[in-house]
Amino acid sequence: MVSREEVSLVAHLMRRAGFGASGPELEELSSRGYESVVDDLVSPERFPRLEEDVLERHHAEHADEESPRWVAMKWMHRMINSPRPLEEKAALFWHGLFATGWAKVRNGPMMNRQYSMLRDHGLGNFGNLLKRLSRDPAMIYWLDQQTNHGDAVNENYGRELLELFSMGRGNYTEDDVRNCARAFTGWTMTHVLPRYPSGYWPSDFVYRDEDHDHGVKEFLGEEGNFNGDDVIEIIVRQPATARFLGEAIHSFFVSDERDDDAIQLIADAYEGLGYETGEVLRFVFLSDFFRDAAFRKVKSPAEFVAGTVRLSGRYRDGYEFGLADLPSATLSMGQELLNPPTVEGWHTGREWIDSSFLVSRVNFAAERLGEVNAPGVANLVERASQGEGAVSAEDLLDTCLYEMGCLWLGKPSREIILKELGIEGKLCRETAAGKDAAKRVAGQLVGMIASSREYQFT
Amino acid sequence: MSAEKTVGQKNGRSNGKAPVLVVLQLSGGNDFMSTVVPYGDPLYYDFRQTVGIRESDVLHLDSQLGFHPALTEIKELWDEGDAAVISGTGYPEPDRSHFRSMDIWHTANPFEYVAEGWLGRAIRALDPSKRNVVTGVSFGPGLPRAMYLSGTPAVSVAHLEGYGLLTTLEGQRQRSALNVFTRMYAPIEFEEQQMIMDHIGQTGRDAMEAVDLLKTAPATYSSSVEYEQNPLAQSLRDIAQVHTAGLGTRVFYAQHGGYDVHGNQVQTQHKLWREVSRAVRDFFDDLRRHDASEEVVMLIFSEFGRRVRDNGNGTDHGSGGGAFVLGERVKGGLYGEFPSLEPSQQLSGDLHYNNDFRSIYSTLLDRHLGIAPGEIVNGNFEQFDLLEPVGQAR
Amino acid sequence: MVIELEIQSGRPSGPKYDGVTGYPYMLRGGHKFEIALGQRLALGGFKGPMDLAIGRDELYVVNRFSENSSNVARNRFVRVTIEDEGYEDDDIYAPGPGGGFESNGNETLPSWVMCDIDDEGILYVTDEHANKVARFRTSGEYLGVWGESGEGAGELNGASGVAVDGEGSVWVTSSRNHRVERFTKSGDYLGGFGVYGEAPGELNYPWGLGIDPVNGTIMVADWRNDRVQRFSPEGEVLQVIGESGSGPGQMNRPSGVAVDKYGDIYVADRSNHRGLMFNPRGGFLESFIGDATLNERGMRKLMTNLDMLRMRENVVDLDTEKRFLNPTSVKVDDEDRVYWVDSGRYRVQVYSKVCKVLGPDEIDPPSMFKDPALS
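Residues numbered from 1 in each chain as written. Chains lettered and ligands numbered in written order. Predicted model: local features only at pLDDT ≥ 70, side-chain atom pairs only at ≥ 80, totals over all residues. Heavy atoms only, no water.

1. Concerning the overall build of chain B
Scanning chain B from N- to C-terminus turns up 11 helices and 12 strands. Here the C-alpha radius of gyration of chain B, 22 Å, is about what a compact globule of 394 residues would show, namely 21 Å. Expressed along its principal axes, the backbone C-alpha trace of chain B runs to roughly 75 × 40 × 40 Å. In chain B, which comprises 394 residues, the share counted as buried stands at 61%. Sequence-distant contacts in chain B: of pairs separated by 6 or more residues, those separated by 24 or more amount to 72%. Carbon and sulfur atoms make up 48% of the accessible area of chain B, which amounts to about 14,400 Å² in all. Taken as two groups, the 35 positive and 51 negative side-chain charges of chain B have centres that lie 3 Å from each other. (Helix = DSSP H or I, 4+ residues; strand = E, 2+ residues; numbered from the N terminus. Rg over C-alpha atoms; globule rule 2.2 N^0.38 Å. Buried < 20%, exposed > 50% of the residue type's maximum accessible area, 1.4 Å probe, protein only. Contact = heavy atoms within 4.5 Å. Areas by Shrake-Rupley, 256 points an atom, 1.4 Å probe, with all protein chains shown as cover. Lys, Arg positive; Asp, Glu negative; His and termini not counted. Charge placed at Lys NZ, Arg CZ, Asp CG, Glu CD.)

Take a look at the structure:
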């Protein structure tokens, strides 16, 4: 029998490395041991990709043109269902960091291609990821890289590569920016057919040697006839890059509260582990600072929606209608997938909590988890009301928290909920009527937990 | 200290009520050339062979321009001197993407991608100490970027009817859940993370307060005006309810979609503008009957205009467009020159904009709401003289 | 153009359903691309065309799409003719958002899939989430729905393919029950066949249906088994064509199937983005990848948007524009035309078959004829 502490720790891991797990899933996972679960998470190739033919077939009204909504819908479906949850989580992490928006790109196939690239390579080598990013048509167009010519440098991509994607402000000079941009001259994309009259068309990366500035460039103290890949290799060697990634990983995977010691440990891991993100995440998940950081982050809307829906048991089958509501839900909470407002990505942590956004969060959770016929909810309530003998409201509350994935509820909230229920004594579960009463109370408890302040955290 | 202005002050209203701005967004790119028709220009009929509006159908404004025939009620407002039309609106380096162009109108920033909206900044200026959680209220599908500003409350309501927290629950269960919610979001000492807990608690209480305030509006409202049954009319009716309830809301937002008329333009546009025209007229009539019209000015805008030449069944995305400013304070008339249809004067097949939209924003912020426009619209723009001084309307 | 002469068996003799008898001798000369009908809805054309039904002089195209700004599916029938290139199209039935019927307010049909037309000119369209078959007159008059949702025989679960046979029976695919069901025109249940599996005669999530006009057998796009199968009306499996893959004659999630009056079989090989053609024995003959050129309305669109025209000039290879993207259905008419519903590109690509039917005395000696199915 696995201890509650172990189950609780695996629950924390699954919320951070994935999109949460229910009581039964957690029991199965924890029986394999925490380290083995981490090992599986960082080794997605052990598990098959989700089959999506049924999903595509039954969502033909969305799937017809790879619209951004469709890409976002498929992504939400994967967050809920993928046997490789860390891949999707890592894609979300990189999407926030390399924030590219549909508003400008305006091309579904290109946005889909970028998202797929982040998912497929997000756990691999960081230098390789930057090389792929620099060849990504959506990114090229997003930061005007196609207008960066040998004889007319556009610094936009060169600057953001240093400032927002790798090193952070204060670690390079304006000359470095200019020379970085020069190294990327000639990195462009094929012309895309206009959307009309027949729809969206993808684009490919092309390198035009004749448009490349072949001059000698001085970059971060090194000198040479650098091309884009050379610059990326230099960037990756910088201690500032490791620290930048340490901060980014810490704030996305560990905690909203800055912890310089932990950040330094992650930065060191990046250098020590050859810039392999999957291995760095293994280090993070096995670290004490991670284990101690449960509920130290405000859920992002994508985490909130995917996690809540996952718990409700909906959208496990690609046939199920209504999946398109999920991208709308994250939008109403302030996060439109594939359309971050700016290249800086979303403002996270406390900024997810805004009065309109909070109303959307509370209402969404109450609606989805209040749906007693949803398979996940029905199962949860059933399990919570099972067992021998009589049960107190407080025991029932603890069981619900456990079944919802070892959730946290502070003492004041517990007392408020129990007082409101006002159940004196115990509920007898021996009779059918008693069991029904227990189920009813459990259903009510699930809704109350989902509207709590604590539920906003992951 | 609130920036609220009342009687006697520069921008106040004679009835002593604080000025209120209603923004109505027409989504999809309204074809301004079919809304305010340059029927006097033969080029119009050359370019608009299939979707052109016949001179005999146009509601004449002067010898050159006229309203689309569906704008009957807005024409009445025009005749009453309460409608200003600003032609040739746009911004430098026009973007023909709905999303980007709408973002530009929302953020008042054509050059940079920013997250904050111009009305968000206006709401902060109107109520810097956040005394009123319903200073800004949007009706329709989600909070528009225009109203968003981190840390400044703005309320997004789909429909006033059914609006609230935990509305999917019923009866005793809902009351119970709301009780719990109220108490769980009260100031509470937590063992850890007190700052973020306080923030969530405060936000929850604000949300609750906004819900409670807004829910009182329908109860105090009664009206002899019968709005039509369509989402826009219902949104404007919701705005009338909240405004007449005197909750102190200063900025309202409503949206109306479907203007992306690449095809089937003639029928679609007619239907859309019938809805707008009637709903707007009903709205102002309703406010007047409640003695609550004088302080209200409405801006109607769209993210861009459409191509000068039609495509055989509709029109495609263009740039230069136009806007309406309506209300009793408004000095009715035409503002800004209608852009030339001469091919040499067009901008890649579009009407060439000649009025930066931020001029309209600046006018409304400064001369109506009484707040400094510079930081809100990112610069100083020439203003239109389209508002009567306080107390001299009508 | 490759001219291929093929032996078919003689006039009806032998077992009725061996997949070979009953078809004429013929010379096949391939297919000629005719026209691309319609374009995007934004031009008044199609958006998300799924299937079409062939009327007396016109086509009825099922469109299924969702506005980007809403989550609600919209469905409509569009009537077009070949003569006007689908330009003068006409919504014969376009319910409001959510697919609710304005006429009775009760039905909600959010997810139209496929359609057919009977000899009285009544259109049938399936809805895969409501699990109903809706009927319309070609005027657009709504005639109501039939079909019960469920997992038993005669019940619909993921209703998708629909085809009316020569006897006036309406065959409907109950995809998620892995069955094909037979109804009267008014929805009375007459029987059906199909069990889940991958052995011959078993089905896995079938989709489109086609009726062989020569002998009335039923072709089923056995979607998740990557093949098509021929059944007798009694449910006996007669023929299995295709296997998983993207090679010649292989299939990747085929969604539609049709049989022409010569017995040739056309398959919408949806996820391979192509069409396939087989002879009645199942021998692979030809694939279609799309040849669409800009039609008049496409040209007009470009002429009013000069920046688009400039963009096109910079594109090195315009060939991709011709090709199919997720072709969902195929239909054939009596005049040797083949209609591929090119769903992902919002158009219908029309080909005409080049062939000559021969009498037995014209064939001499028989050994000169090549039949790929036998080689």
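More follows now that the structure is in view.
2. Some thoughts on the layout of surface pockets
Residues and elements named next belong to chain C. The space that makes up the second largest pocket amounts to roughly 1,300 Å³. Every residue lining the second largest pocket is counted, 47 residues in all, and those nearest its centre are Ile54, Asp116, Ile117, Val332 and Asp334. Considered class by class, the residues forming the lining of the second largest pocket number 19 nonpolar, 9 polar and 19 charged. (1 Å grid on protein atoms, 1.4 Å probe; cavity = no way out; pocket = protein on both sides within 12 Å on 5 of 7 lines; lining within 4 Å. Points joined across faces, edges and corners; volume = space filled by probe spheres on them. Nonpolar A, V, L, I, M, F, W, Y, C, P; charged D, E, K, R; others polar.)

3. Description of the interface of chain A and chain B
Taken together, the 41 residues of chain A in the interface contact 50 residues of chain B. Here chain A meets chain B over a buried area of about 4,200 Å², counting both sides, of which 60% is carbon and sulfur. Looking at the side of chain A facing chain B, the largest losses of area belong to Ile416, Glu420 and Arg453 of chain A, adding up to 18% of the total buried there. Along the contact surface separating chain A from chain B lie 3 salt bridges. For Asp95 of chain B, the salt bridge is made with Arg106 of chain A, and the minimal N-O distance between the two is 3.0 Å. In this structure, the connection of chain A to chain B is made through 21 residue pairs in polar contact (both at pLDDT 80 or more). (Buried area = accessible area lost by both parts, 1.4 Å probe. Salt bridge = Lys/Arg side-chain N within 4 Å of Asp/Glu carboxyl O. Polar contact = N/O pair within 3.5 Å; in protein donor to acceptor, adjacent residues only side chain to side chain.)

4. Comments concerning the interface of chain C and chain A
In many reports, interface size means the accessible area that the parts give up when they come together. Between chain C and chain A, the residue contacts involve 47 residues of the former and 32 residues of the latter. Overall, the association of chain C and chain A removes approximately 3,500 Å² of surface from exposure, summing both partners, and the carbon and sulfur fraction of that is 53%. Put simply, chain C and chain A have 6 salt bridges between them. Salt-bridge contacts for Asp317 of chain A lead to Arg176 of chain C; the nearest nitrogen and oxygen are separated by 2.7 Å. Where chain C packs against chain A, one counts 16 residue pairs in polar contact (both at pLDDT 80 or more). At the level of secondary structure, the elements contributing two or more residues to the side of chain C that touches chain A comprise β4 (59-66), α1 (296-303) and α2 (306-314) of chain C. At 4 residues, α2 of chain C tops the list of elements feeding residues into the side of chain C that touches chain A. A per-class count over the side of chain C that touches chain A returns 17 nonpolar, 18 polar and 12 charged.

5. Here we look at unusual backbone geometry
In the Ramachandran plot, Arg106 of chain A falls in the positive-phi region, its phi being about 55° despite a non-glycine side chain. With respect to the element layout, Arg106 of chain A can be found in the loop between α8 (102-105) and α9 (108-121). The class of Arg106 of chain A is partly exposed, set by a relative accessible area of 30%. A positive phi angle, near 60°, is found at Tyr346 of chain C, a position not held by glycine.

6. Notes on the environment of Gly164 of chain B
Mapping Gly164 of chain B onto the fold places it in the loop between β7 (155-157) and α6 (171-184). Through-space distance from the C-alpha of Gly164 of chain B to that of Ser34 of chain B is 40 Å; in sequence the pair is 130 residues apart.

7. Quick notes on the pattern of salt bridges
Considering all chains together, one arrives at 92 salt bridges over all chains under this definition. Between Glu415 of chain A and Lys411 of chain A there is a salt bridge, with the nearest N and O atoms lying 3.8 Å from each other. Of this pair, Glu415 of chain A and Lys411 of chain A both sit in helix α24 (residues 411-421), 4 residues apart, roughly one helical turn. The partly exposed category is assigned to Glu415 of chain A, whose relative accessible area is 46%. Look at Lys411 of chain A and you get exposed, because its relative accessible area is 55%. Of the charged contacts in the structure, one is a salt bridge between Asp264 of chain C and Arg28 of chain C, with a shortest N-O distance of 2.4 Å. Here the residue Asp264 of chain C occupies a position in the loop between β19 (256-259) and β20 (265-269), and Arg28 of chain C occupies one in strand β2 (residues 25-37), the gap between them amounting to 236 residues. When sorted by exposure, Asp264 of chain C lands in the same class as Arg28 of chain C, which is buried.

8. Some words on the sheet that holds strand β22 (residues 284-288) of chain C
All names here are of chain C. As summarised here, the arrangement of the 4 strands in space is β19-β20-β21-β22, forming an open sheet in which the pairing is antiparallel. Edge strands, defined here as strands with exactly one partner in the open sheet, are β19 and β22. Within the sheet, the average angular offset between the axes of one strand and its neighbour, ignoring direction, is 20°. (Pairing = 2+ DSSP bridges. Axes fitted to C-alpha atoms, helices over the stretch in contact; angles between N-to-C directions.)

9. Brief notes about the pairing of strand β7 (residues 112-117) of chain C
All names here are of chain C. Of all the 6 residues making up β7, 6 are buried; the element is thus mostly covered by neighbouring parts of the structure. The sheet contact formed by β7 and strand β8 (residues 122-127) spans 4 bridges and is antiparallel. For Trp112, the partnering residue across the bridge sits in β8 and is Asp127. Linking β7 to β8, which pair antiparallel, is a turn of 4 residues; within it Gly121 sits at a positive phi near 80°.

10. Considerations on the confidence of the model for chain B
Within chain B, residue pLDDT values average 91, and 95% of them lie at 70 or more. Within the model, the stretch residues 1-14 of chain B combines pLDDT values under 50 with 42 contacts to residues more than four positions away or in other chains. (pLDDT = per-residue confidence, 0-100.)

11. Quick word on the sheet that holds strand β13 (residues 179-183) of chain C
Residues and elements named next belong to chain C. Taken together, the 4 strands give an open sheet; going across it, the order is β11-β12-β13-β14, and neighbouring strands pair in antiparallel fashion. Among the strands making up the open sheet, the edge pair consists of β11 (159-164) and β14 (189-193). Taken over all neighbouring pairs, the strand axes of this sheet differ in orientation by 25° on average, direction set aside. Pairing of β13 with β14, which is carried by 4 bridges, proceeds in the antiparallel orientation. Each bridged residue has a counterpart across the sheet, and for Val180 the counterpart in β14 is Phe193.

12. Some remarks on α6 of chain B
Here α6 of chain B spans 20 Å end to end across 14 residues, near enough to the 20 Å set by a 1.5 Å rise per residue. Here α6 of chain B has its buried residues at Ser176, Ala177, Val180, Phe181 and Met184 of chain B. The buried side chains of α6 of chain B occupy one side of the element, clustering within an arc of 140° when seen end-on. Those residues of α6 of chain B that are buried lie in contact with α21 (355-369), α24 and α25 (432-450) of chain A together with α7 (194-220) of chain B. (Expected span 1.5 Å × (residues − 1). Arc of directions from axis to C-beta.)

13. Details of the nonpolar core
In terms of nonpolar packing, the biggest core is built from 239 residues, with Trp94, Phe98 and Phe285 of chain A together with Phe283 of chain B touching the most fellow members. Domain assignment of the residues forming this core places at least three in each of domain 1 (84-255) and domain 2 (375-456) of chain A. Those residues within four positions of Trp94 of chain A in sequence are excluded, and the remaining contacts are Ala99, Leu118, Gly122, Phe126, Leu129, Leu245, Tyr270 and Thr277 of chain A. Core analysis: the next-biggest nonpolar cluster, separate from the first, contains 38 residues, Ala84, Leu119, Ile123 and Val297 of chain B among them. (Core = buried A, V, L, I, M, F, W, Y, C linked by side-chain atoms within 4.5 Å. Domains from an automatic or database assignment.)

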